[in-house]
Amino acid sequence: MKKVCIWLLVLLVSTASLEAQMAYKKTKTNKKTDSSGIIMPEEDHIKVQLLVSQLLNKYHYRKNKLNDSLSNVIFENYLGTLDNNKMYFTQSDLDRFEEYRYSFDDDIRSGNLVPAYHIFNVYRKNLKSRLDYLPEILEKEFDFEVEETFEVDREDAAWPKDQDELNVLWTKMIKNQALNLKLADREWKDVKKTIEGRFDRVGSTVEQYNSEDVLQIYLNAFGQAFDPHTNYLNPTASANFKIDMSQSLEGIGAQLQLDNEYTKVSDVIVGGPAYKTKMLEKGDRIIGVAQEDENELVDVVGWRLDEVVKLIRGPKGTRVTLQILPAAGGESAAPKDITIERDKVKLEEQSAKKQVIEFEEDGKSLKFGVISIPIFYQDFEAAQAGDKDFKSTTRDTRRLIEELKEENIDGLVIDLRYNGGGSLTEAIELSGLFIENGPVVQVRNANGSIDVGDDPDPEIAYDGPLAVMVNRFSASASEIFSGAMQDYKRGIIIGEQTYGKGTVQNLIDLDRFVADDGGNLGELKLTLAKFYRITGSSTQHKGVEPDIAFPSAYSAEQFGESSEKSALPWDQIRSVEFEATNDLNEEMLSQLNKSHEERMKTNENLINLLEDIEELKALQNQKEVSLVESVRREERDRLEEKRASRREVIKEQNSADDEDFKEKIKIKDIDDPYLEESIYILIDLASGKIG
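Values in this document were obtained by computation on a predicted structure and should not be read as measured data.

Some details on the overall build of the protein chain
Tallying secondary structure elements over the protein chain gives 23 helices and 19 strands in all. For the protein chain, the accessible surface area stands at approximately 32,900 Å², while carbon and sulfur atoms represent 48% of it.

What to know about the packing of aromatic side chains
One pass over the structure, following the stated rule, counts 20 aromatic pairs. Ring centres of phenylalanine 120 and tyrosine 123 lie 5.7 Å apart, and the angle between their planes is 55°; on these two criteria the pair is classed as tilted. Residue phenylalanine 120 and its partner tyrosine 123 are both found in helix H7 (residues 114-137); the two are separated by three residues, about one turn of the helix. Classification of tyrosine 123 as buried rests on a relative accessible area of 11%.

Looking at helix H17 (residues 424-431)
Buried residues of H17: Glu426, Ala427, Ile428, Leu430 and Ser431, and no others. The distance from a side-chain oxygen at the start of H17 to the backbone nitrogen of threonine 425 is 3.4 Å, and the residue carrying that oxygen is serine 423.

Some words on the packing of helix H16 (residues 393-406) against H17
Where H16 contacts H17, the two axes come as close as 8 Å, and the packing angle between them is 30°. Considering the angle they form, H16 stands roughly parallel to H17. Along the contact surface, H16 presents Thr393, Thr394 and Thr397, while H17 presents Glu426, Glu429 and Leu430. Of the residues that constitute the contact of H16 with H17, the class distribution is one nonpolar, three polar and two charged.

Examining empty space enclosed by the protein
Applying the stated criterion to the full structure yields two cavities of 30 Å³ or more. Surrounding the largest cavity, Gln177, Asn180, Leu181, Arg198, Tyr262, Ile287, Leu325 and Pro335 form its lining. Per-element accounting of the lining of the largest cavity gives the leading share, three residues, to helix H8 (residues 163-182). Looking at the lining of the largest cavity residue by residue, the classes come out as five nonpolar, two polar and one charged. Space inside the second largest cavity adds up to approximately 30 Å³. Contributing to the lining of the second largest cavity are Val440, Val441, Ile480, Gly483, Ala484, Asp487, Tyr532, Arg533, Ile534 and Thr539. With four residues, the single largest contributor to the lining of the second largest cavity is helix H18 (residues 477-487).

Some words on the layout of surface pockets
Here the second largest pocket is characterised by a volume of approximately 320 Å³. Arg186, Asp190, Thr194, Leu297 and Asp299 are, among the 15 residues lining the second largest pocket, the residues nearest its centre. Going through the elements one at a time, helix H9 (188-208), strand S5 (285-291) and strand S6 (298-299) are the ones with two or more residues in the lining of the second largest pocket. Broken down by element, the lining of the second largest pocket gets its largest block of residues, six residues, from H9.

Let's talk about the sheet that holds strand S11 (residues 411-415)
Strand order in this open sheet of six strands is S9-S10-S11-S14-S15-S18, and the pairing throughout is mixed. Every interior strand has two partners, whereas the edge strands, strand S9 (353-361) and strand S18 (548-549), have only one. Sheet analysis places strand S14 (residues 466-470) next to strand S15 (residues 492-495), joined by four bridges and oriented parallel. Looking at the pairing, valine 470 lines up with glycine 495 of S15. Against the sheet, H16 engages S9, strand S10 (364-372) and S11, with an angle of about 30° to S9. Across the sheet, helix H23 (residues 673-686) touches S9, S10, S11, S14, S15 and S18, and the angle it forms with S10 is around 125°.

Some remarks on the pairing of S14
Sheet faces and side chains relate simply in a regular strand, where the side chains alternate between the two faces. For S14, a buried count of five out of five residues is recorded, marking the element as mostly surrounded by other parts of the structure. Where burial is concerned, the two faces of S14 agree: the one with Leu466, Val468 and Val470 and the one with Ala467 and Met469 are both buried. Looking at chain direction, S11 and S14 are connected through four bridges and run parallel. Paired with leucine 412 across the two strands is leucine 466, which belongs to S14. Once the chain exits S14 it traverses H18 before rejoining the sheet at S15, and the crossover so formed is right-handed.

Some points on the environment of asparagine 84
The residue asparagine 84 is located in the loop between helix H4 (68-82) and helix H5 (91-97) in this model. Along the chain, asparagine 84 and aspartate 153 lie 69 residues apart, while their C-alpha atoms are 9.3 Å from each other. Filtering out sequence-adjacent residues up to four positions away, asparagine 84 remains in contact with Leu79, Arg154 and Glu155.

With respect to the nonpolar core
Across soluble globular proteins, nonpolar side chains have a tendency to be buried as a group. In terms of nonpolar packing, the biggest core is built from 73 residues, with Tyr78, Phe89, Ile119, Ile174 and Phe222 touching the most fellow members. If you tally residues by element for this core, the top one is H7, at 11 residues. Once residues within four sequence positions are removed from consideration, phenylalanine 222 is found in contact with Val52, Ser53, Leu56, Leu66, Leu70, Ile74 and Ile108. Ranked by size, the runner-up nonpolar core spans 38 residues in total, among them Ile371, Leu466, Tyr488 and Val544.

Here's the deal with the packing of helix H3 (residues 43-59) against helix H10 (residues 211-223)
The interhelical angle for the contact between H3 and H10, taken along N-to-C directions, is 20°, at an axis separation of 11 Å. Classified by the interaxial angle, the pair formed by H3 and H10 is roughly parallel. Classified by chirality, the crossing of H10 by H3 is right-handed. Listed contacts from H10 to His45, Val48, Gln49, Val52, Ser53 and Leu56 of H3 are Ser211, Glu212, Leu215, Tyr218, Leu219, Phe222 and Gly223. Here the contact of H3 with H10 is composed, by residue class, of seven nonpolar, five polar and one charged.

Some words on the pairing of strand S7 (residues 319-325)
Counting buried positions along S7 yields six of seven residues, so the element is predominantly enclosed. Inspection of the sheet shows S5 paired to S7 by six bridges, in the antiparallel sense. Paired with alanine 290 across the bridge in S7 is threonine 321. Pairing of S7 with strand S8 (residues 336-341) involves six bridges; the strand directions are antiparallel. The residue of S8 that forms the bridge with glutamine 323 is aspartate 337.

Observations concerning the pattern of salt bridges
Enumeration according to the criterion identifies 34 salt bridges in this entry. The salt bridge involving glutamate 151 is made with arginine 154; its shortest N-O contact spans 3.3 Å. Note on glutamate 151: relative accessible area 27%, which makes it partly exposed. Between glutamate 341 and arginine 319 there is a salt bridge, with its nearest N and O atoms 3.9 Å apart. With glutamate 341 in strand S8 and arginine 319 in strand S7, the pair connects residues that are 22 residues apart, well separated along the chain. In the salt-bridge network here, residues are joined through shared partners; they are Lys354, Lys391, Asp396, Arg399 and Glu403.

What counts as what
- Residues numbered from 1 in each chain as written.
- Predicted model: local features only at pLDDT ≥ 70, side-chain atom pairs only at ≥ 80, totals over all residues.
- Heavy atoms only, no water.
- Helix = DSSP H or I, 4+ residues; strand = E, 2+ residues; numbered from the N terminus.
- Areas by Shrake-Rupley, 256 points an atom, 1.4 Å probe, with all protein chains shown as cover.
- Phe/Tyr/Trp six-rings, centres within 6.5 Å; stacked < 30°, edge-to-face > 60°.
- Buried < 20%, exposed > 50% of the residue type's maximum accessible area, 1.4 Å probe, protein only.
- Polar contact = N/O pair within 3.5 Å; in protein donor to acceptor, adjacent residues only side chain to side chain.
- Axes fitted to C-alpha atoms, helices over the stretch in contact; angles between N-to-C directions.
- Parallel < 35°, antiparallel > 145°, perpendicular 65-115°, else oblique.
- Contact = heavy atoms within 4.5 Å.
- Nonpolar A, V, L, I, M, F, W, Y, C, P; charged D, E, K, R; others polar.
- 1 Å grid on protein atoms, 1.4 Å probe; cavity = no way out; pocket = protein on both sides within 12 Å on 5 of 7 lines; lining within 4 Å.
- Points joined across faces, edges and corners; volume = space filled by probe spheres on them.
- Pairing = 2+ DSSP bridges.
- Right-handed = clockwise from strand over helix to strand, strands pointing away.
- Core = buried A, V, L, I, M, F, W, Y, C linked by side-chain atoms within 4.5 Å.
- Left-handed = near helix turned anticlockwise from the far one by under 90°.
- Salt bridge = Lys/Arg side-chain N within 4 Å of Asp/Glu carboxyl O.

Bear in mind that shape data such as this cannot, by itself, settle questions of function.
Dropping the structure here:
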């Protein structure tokens, strides 16, 4: 049946809108730009647009109709991608673009790319105009004692009404950048030179945009009208995506993305050099890079992402220094230099690991095992080749459980914090280590059919007290495992509400769908299915809500699937039959929560952590910053003094040798407040005090 559909699609794409294509060819050339430097669409781009449209309409999980309503979403997505902070287009531009708002659907059907390229060329022209205005802004040093503010988050702001209003916005934006540099003790001459260099690179970057780049931006605006995980990769982006894993991860082990003019850390890869240093965090912005044999940092604000990546990558064993603006400091963050030794991300670094934590009270000693699983992995090649000893999450965890059982542990923690997912098969089989048999997850396909993933092994590897730790960045396969443990009442879920990504994507090579073999058309990442718990509840948006919730700095509206405007909705399907255990009940959960709340009031580490979280939330919600130097310096110094004081207290505690202090320490060798509290919860469960 699938082969029939594919060949039918090939036929449709080969013949669809032929008249429109021929008519459109008369209005354009096959060049990337015309004689005036305006970027133009190419011949193959019509074919790509039609093909992407047909694939989305026929195979995407969400059955959106290509109509005026969807056109409006594409229009808003496209403008948002080009000018998310509303610093280039004016309201008069928007008035001129208004004729396209409800016609993108017709353009996509006919193969007409002119409107999309016209909007991009206006953006490009406006950006050049802004750069021409920069020397006037930097003509003299700013007065940093004038009482004024800058709106750093302008996503929901009104478009500037004219060039005068845009000039005011740009002056404040540049002043904010200059103040950040001055707070790093830079002289005005150096500040001015740095900002000029940044925007010279912004101009050069935009000059390097070609027709392929514009098509990708436009088709991503189209794809993300369906859901946030549907993307078009042009041939260049597709080639980069296919770089061999061992080569692509030879560097610091971090995924980067552009955020306006900044390079931002979107993820720190488990097992990589940056992950092991614990110095680079999600959301940090990289503003400078230096090689180990260079004394000066290269300012990379305004650079193309691929150029920044090239600068950071390098041979194993060499060192690179990054200057970052820590996410935790908000707009008032002081720049910080960190040095990382480049290496390859090794499979063994991503493997499950164990530790034993001892607890002593009233002469009684308890042991608890902790298994940290950073990703759900499986060596697919070895498994397919018939290797009986192939490496996998479930195999490694089973072995670690046996080792912990030999140490007579009294309870077990499975730590899934920051585990973004991985192999679905491993999530199902790992669940099987803790239940006798039964369903683990449901997968609903785009055609409405439902597949149920069952535990394939009736053997239980561990039947003792179990806790599962999750946080806001636990996603996908992590949500399947923790959701199953919660539904079976097999283990207590502790931490933050998880990410809420309950969708499944496939990468499709567009060249498969064309009758001729001319050219590389790129790839489409397409959402084809959704995950559901065995209760019938989708993991989309809601993810897994913990039985015992820890304070979180990350709200669903800011981080996670719910922060994406086009995310597929939460819904329910029928539950499947399963038999829950008697390990947990509502009364036990209530008592465990009560004990946890009492500790939250008295545990100094948790109290300090809660203060830090509230402070971070305030910084994340900050939409405006002061442009007064004394105010910003005071904000920065206050944060630095508080953190320095906290570090000093911790240092004193670690070096304390008085017996009174030692007697207060009940859990040995642990410096993770959330893990510490999870152990206390497990102690309550394992000691028989609860239930």
